[in-house]
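# Descriptive analysis of the structure
If you want the building blocks of each chain, they are given just below.
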Amino acid sequence: MTLKVTEAEHGGWAVLHISGELDLVTSPAVRQRVHGAVADGRHRVVLDLSDVLFCDSSGVGLLIAARRLMRSCRGSLRLILPARGAVDGSHVNRVLAALGVRRLFEVFPDVDTAVDDTARALSA
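The following paragraphs examine the structure supplied in this document. Because the structure is a prediction, the values reported are computed rather than measured.

### A look at unusual backbone geometry
Excluding glycine, a negative phi dihedral is what most residues carry, and trans is how most peptide bonds are arranged. The backbone phi angle of R74 is positive, close to 55 degrees, even though this residue is not glycine. If you trace the backbone, R74 turns up in the loop between α2 (57-72) and β4 (76-80).

### Some details on the pattern of salt bridges
Taken as a whole and assessed by the stated rule, the structure comprises six salt bridges. Residue R44 pairs with D117 through a salt bridge whose shortest N-O separation is 3.4 Å. Of this pair, R44 sits in strand β3 (residues 44-55) while D117 sits in the segment after α4 (111-114), placing them 73 residues apart in sequence. Here D117 falls in the partly exposed class, since its relative accessible area comes to 47%. Three or more residues joined by partner-sharing salt bridges are found here, namely E7, E9, R33, D40 and R42.

### A short note on the environment of L63
As for its placement among the helices and strands, L63 is situated in helix α2. Residues L63 and L77, 14 residues apart in the sequence, show an inter-C-alpha distance of 9.4 Å. Among residues more than four places away in sequence, those in contact with L63 are L47, L49, L77, L79, V92, L96 and F105.

### Points about the sheet that holds β4
If you walk across this open sheet you meet the five strands as β1-β2-β3-β4-β5, and the pairing is mixed. Every other strand in the sheet has two partners, leaving β1 (4-10) and β5 (106-108) as the edge strands with one partner each. The average undirected angle you get between the axes of adjacent strands in this sheet is 25 degrees. As paired elements, β1 and strand β2 (residues 13-22) share seven bridges and run antiparallel to each other. Note that in β2 the partner of E7 across the bridge is L16. Contacts from helix α3 (residues 91-98) reach β3 and β4 within the one sheet, and its direction differs from that of β3 by about 100 degrees.

Reading the values: rules and limits
Residues numbered from 1 in each chain as written. Predicted model: local features only at pLDDT ≥ 70, side-chain atom pairs only at ≥ 80, totals over all residues. Heavy atoms only, no water. Helix = DSSP H or I, 4+ residues; strand = E, 2+ residues; numbered from the N terminus. Salt bridge = Lys/Arg side-chain N within 4 Å of Asp/Glu carboxyl O. Buried < 20%, exposed > 50% of the residue type's maximum accessible area, 1.4 Å probe, protein only. Contact = heavy atoms within 4.5 Å. Pairing = 2+ DSSP bridges. Axes fitted to C-alpha atoms, helices over the stretch in contact; angles between N-to-C directions.

Structure (C-alpha cells):
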C-alpha cells in the first residue's frame, strides 16, 4: 500500500492527513513533512492518523521523534486516532497502547477537536 500525505491549515495548526501504511519505507516521507512544517515556522502540528491502516516500530519511532522535535521548539503535536467503532480503536492506537507510549501523546477524535485550543485530549 502506498502512503499519501496531504497538508492543510486549520486555525493556526498545520494538519498532516496521513493515509496508508506507516512503516520503514514510508516513515521518512512523513518525518520530512513534519520537519518541513517546523522549518516553515509552524510549531503547532496535528497528525491525522485516522486513515493509517498499519504502523510498525518505524512509525512509532517517527511519532516519538516528531513529539521530541515539537517539544524542542516549544511547539505542540496532536494526534487524531478515532475509535472506528471498535472497542479497541484504531490500529495505531492499539500499537501505541501495547508499547506503553500512548500516554505520551495528546490524542483527539477528529480535526475539529484537535485544532480547538479549549478541547481536552482523550484519556490514554
